[in-house]
Amino acid sequence: MKIRRARQRTVLLVMVVVASATGAGALSAQAGPPELPDSAPLSVPRFEIAPSPIELSGPVRPGEYLGVTGPRSAWLGVETGEAELWIHPLKVGNHFRLGFSTPAYGAPIPGSAVARTVRVRPEITTITYSHAAFQVRQHILAPADVPGLLLLLEVDSPERLEIVAEFEPVLNYMWPGSIGGQYAYWDAERRVFVLSESLQAQNAVVGSPWAANSVEHPAHQLGEAPRTMVIPVDPERARREFIPIAVAGGTAPREEVFESYERLISEARSLYEEKRAWADSVLASTVSIESPDPRLDLALEWAKVNLEEQRVCNPDLGCGFVAGWGLSRNGTRPGFGWFFGGDAAQTMFAMEALGQWELVAEELAFLARYQREDGKITHEISQAAGRIPWFDVYPYAYYHADTTPYWMVALYEYWRASGDDELLRELWPAYRRAWEWCLTAETDGDGLLENSVGGLAAVEVGGLGAALHQDIYLAGIWVAALEGTVALAERVGDAEMADRAREIAPRARATLNNAYWLEDAGHHAFGILADGSTNDNLTVWPATAAAFGLFDDARARSTLTRLASDRISSDWGAHMLSTDSPLYHPLQYNMGTVWPFVTAYVSWGQYRYRRPWAGFHLIDAVKRMTFDWSLGRHPELLSGTFYQPLDQTVPHQFFATSALVTPLLRGVIGWEPDAPLGRARLAPQLPPDWPEVTVRRLRAGATTTDVEIRQRWTAEGGERRTTLRTTGPSLTFEFVPDVPAGAEGVSILLNDVQTNLEGDGSLEVALGEGAPEGSHAEIVVTWEGGLAVAPPRIDLQPGQRSSGLRILDFAADADGWILSVEGTASRTYDIDLFGTPVAPSVTRGTAQVVDRGNGGLRVEFADDDGRSAATIRLAPNR
């Protein structure tokens, strides 16, 4: 785009400051609206802001978080338009906001009073301010590569209008860094506020080429008053052009910052188009799903965008994954907007399934770069770490034990998905150092890492961690890392490590399964204490080991049955600690709140042990969060009592987003690639009330697969057709058919040819270039009899208490089927069954059950307080 420059003429304005009740100032001429310059030095001709196929919109909700982020900058605000301005690693300003003044109204109009709607797109977000005298659309862009933010104001006003933009200058490092000697002044020639400090090594500018004046303050100090610039709007010109407001900054010389500022404005259209192209690529190049639930499909698309948005490029540290974004308010902690190793590992599990491999590879290398000399992987890195003694003086960089085995598991899962031997060999020295550090944290010979030696894992605060020697969360991650180490070491030819891992892994797994098992309670303990006893609390943390398939089947199912109860699995996700525990508090960080990231492990674990009716409602809850709170985002944690994020929660937390992706793709779809072996496991467990689903662009190495599944049910049995289409090299599928409980006469057709299952219940199908079946296969599974139960659907409403139905267990036996359920006393629930007609009867619990016809039951729990459980016998009714 060409930069349009024109002559300027000096305009003398006699102005007065009119303060609004909110403190927003506006300038108005004593004798009518101010005279305007002929033209501004930089201009942005209007261009189309195109709709996005996944955009979300709605009325403005005061106080609701609204973030617009890019790799180098972040607009962190609320839907009414107030925001913080961040150019990494600097907080440039606080309380940015717009106000308006029009001749028809004597008092200035705060933007927050007329903010009506928001439209959130991956590439740009729009707030619409609507008033009887004008409409202003504020488009907010965080560019992909320029260290800055750009606002494009689209103004529709029949009369002249003044827009007042104000903010409080900060210019400080992100927590815990700090700068001294900051100052700010108005550069009238450039029409910008310049923020700097005594050495002029950190600089920022905030301005607009349309600005005509500003409120001056002493330049040698920041002060507490906001900086205000007035933008007079000529309606005719505004119909042709956007009004740009640009923010540029960084740890860079001032002239470089000025160049970024000019580039933001002069290249506005191309910067928008680059961001739009990025969004289109994210949506088109990774896994998508077409299910009977369009909101689920849309939530997955937003999850893909979110997971890419966690990438931040810091000028001192490089590009890596931050944990989440939120308001820092008067401080400098923007949620968790700095780098976290453990959080990144959990998001990488989702990204590996989605096919976002390039970013995963970059993140694995980023964390290896900051590995401690003894091999420990960093827990967190402040964005100010390049300017302060973060690794040497502050205690946070390496105080978690779980991050190191997490990184090892993440590398293993990435390698299995991608087959990237090159990165594996590049990072092998770091992996070996990580392995060696882990061995130093195992001192008692049981094969498991110890919190008392290695550091924190499941809990950071609260009584649950008292006297802890080791916890089951750290144990599960480590055992998963051990099993991955065998395969990785064999691949790179490190026989010594492979042999040692083979020797430790069975012992560690036996300790995990036996030392933590509580026979009388029927579940795994939280931890082993310093005196050798166990912390017997029922917690969410055994779900981690279950998700990786590390428990013996019978004990896993027993623990997962208890985790399916409302004591852990609320309507909106999993509590970290059982509501029955004396340590429980619904607002306590580690001992009662509901966290989406641990919800993922519970759901994934339920699917791993083929208990889909207990796992699906948890995926559905995270889906709903996409639309109920910050649009397209997921909160860090929620109240244990009400479906409501805590006031202090991080509203845009990335490992919360992974809680939708990981159990959906690894659980419901059952996708498990093993590219180095040229294989992939596909073990779908669809809800029986889904007649069909299509999944596109599943990746294993260089092979991409589309999967279509169609299923139908009759009173005599059912049929499920699975179609596989691949592009790329040959891939051998280990297909595991999902046959309903109690089914008989199971038949398998592969491309119309009768075939048999392997001894483990799977079917091997080779597809791709040079494969006997070509690149297409249809697998038809039919059965007689059998019964399936649909997972509960819970109509979540913000602020509600947990009261939904839970399916605790479901299994076939010689007399039919046993269904164990839990609900709220005095409530009635409908349950949908598919397959054999049944006659229901309650065998345990105070509930009544009736057949409501068409394969459905109605269960009514007796009048009482709290939650009740019931066991229902389902006898064939033929």
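Throughout what follows, the structure given in this document is the object of discussion.

This next bit is on the overall build of the protein chain. Of the regular secondary structure elements, the protein chain holds 17 helices and 51 strands. Seen through its C-alpha atoms, the protein chain measures out along the principal axes to roughly 95 × 60 × 60 Å. Pairs at least 24 apart in sequence give 67% of the contacts found in the protein chain among residues at least 6 apart. Within the structure as shown, the protein chain displays about 30,500 Å² of accessible surface, and the carbon and sulfur contribution to it stands at 48%. The positive charge centre, built from 75 side chains, and the negative charge centre, built from 111, are 5 Å apart in the protein chain.

Reading across from one edge, β35-β36-β40-β43 is the order of the four strands in this open sheet, with mixed pairing throughout. Every interior strand has two partners, whereas the edge strands, β35 (671-674) and β43 (763-767), have only one. Adjacent strand axes in the sheet meet at a mean angle of 20 degrees, parallel and antiparallel pairs treated alike. Where strand β40 (residues 731-735) and β43 come together, five bridges link them in antiparallel fashion. Among the inter-strand pairings, Phe735 is bridged to a residue of β43, identified as Leu763.

The next subject is the state of the cysteines. Disulfides are covalent bonds that connect the sulfur atoms of two cysteines. Using the criterion set out here, one finds one disulfide in the structure. Between Cys313 and Cys319 runs a disulfide, and the two sulfur atoms are separated by 2.1 Å. Here the disulfide of Cys313 and Cys319 is right-handed, its torsion about the S-S bond being about 110 degrees. By relative accessible area, which is 4% here, Cys313 ends up buried.

This next bit is on the packing of aromatic side chains. Throughout the structure, instances matching the rule amount to 45 aromatic pairs. Plain terms: the ring middles of Phe339 and Phe366 are 4.8 Å apart, the flat faces sit at 50 degrees to each other, and that makes the pair tilted. With Phe339 in strand β24 (residues 336-340) and Phe366 in helix α7 (residues 357-369), this pair connects stretches of sequence that are 27 residues apart. Like Phe339, the residue Phe366 is buried in the burial classification.

Strands sit in the order β26-β29-β30 across an open sheet of three strands; the sheet is antiparallel. Edge strands, defined here as strands with exactly one partner in the open sheet, are β26 (468-471) and β30 (534-535). Bridge count for strand β29 (residues 527-529) against β30 is two bridges, and the pairing is antiparallel. Residue Ile528 lies in a different strand from β30, and its bridge partner there is Thr534.

Cis peptide bonds are those with omega within 30 degrees of zero, and the linkage from His88 to Pro89 qualifies with 5 degrees. Mapped onto the elements, Pro89 comes out in the loop between β7 (83-87) and β8 (90-101). In this structure, the amide linkage connecting Trp175 to the following residue, Pro176, adopts the cis form with an omega of -5 degrees. In this structure, Ala467 is a non-glycine residue whose phi angle is positive, near 55 degrees. Structurally, the position occupied by Ala467 is in the loop between α10 (451-454) and β26. The backbone phi angle of Asn751 is positive, close to 50 degrees, even though this residue is not glycine. With respect to the helices and strands, Asn751 occurs in the loop between β41 (741-750) and β42 (753-755).

Along the polypeptide, Gln310 turns up in the loop between α5 (294-309) and β22 (311-314). In this structure Gln310 comes out as buried when scored by relative accessible area, which is 1%. Here the alpha-carbon distance between Gln310 and Trp325, two residues 15 residues apart in the chain, equals 9.0 Å. Not counting the four nearest positions on each side in its chain, Gln310 is found in contact with Gly320, Phe321, Val322, Thr347, Met351 and Phe654. Within the structure, Gln310 has its side chain in polar contact with the side chain of Thr347 (distance 3.1 Å).

What follows deals with helix α4 (residues 268-285). The first and last C-alpha atoms of α4 sit 26 Å apart over 18 residues, in line with the 26 Å expected at 1.5 Å per residue. Buried within α4 we find Ala268, Leu271, Tyr272, Lys275, Arg276, Ala279, Val282 and Leu283. All buried residues of α4 project into a common sector of 135 degrees when viewed along the axis, lining one side.

Let us look at the pattern of salt bridges. Tallying each qualifying case throughout the model produces 57 salt bridges. A salt bridge links Glu273 to Arg269, with the shortest nitrogen-to-oxygen separation between them at 3.1 Å. With Glu273 and Arg269 both in helix α4 and four residues apart, the pair spans about one turn of that helix. The exposure class of Glu273 is partly exposed, given its relative accessible area of 42%.

What counts as what
- Residues numbered from 1 in each chain as written.
- Predicted model: local features only at pLDDT ≥ 70, side-chain atom pairs only at ≥ 80, totals over all residues.
- Heavy atoms only, no water.
- Helix = DSSP H or I, 4+ residues; strand = E, 2+ residues; numbered from the N terminus.
- Contact = heavy atoms within 4.5 Å.
- Areas by Shrake-Rupley, 256 points an atom, 1.4 Å probe, with all protein chains shown as cover.
- Lys, Arg positive; Asp, Glu negative; His and termini not counted.
- Charge placed at Lys NZ, Arg CZ, Asp CG, Glu CD.
- Pairing = 2+ DSSP bridges.
- Axes fitted to C-alpha atoms, helices over the stretch in contact; angles between N-to-C directions.
- Disulfide = S-S within 2.5 Å.
- Buried < 20%, exposed > 50% of the residue type's maximum accessible area, 1.4 Å probe, protein only.
- Phe/Tyr/Trp six-rings, centres within 6.5 Å; stacked < 30°, edge-to-face > 60°.
- Polar contact = N/O pair within 3.5 Å; in protein donor to acceptor, adjacent residues only side chain to side chain.
- Expected span 1.5 Å × (residues − 1).
- Arc of directions from axis to C-beta.
- Salt bridge = Lys/Arg side-chain N within 4 Å of Asp/Glu carboxyl O.

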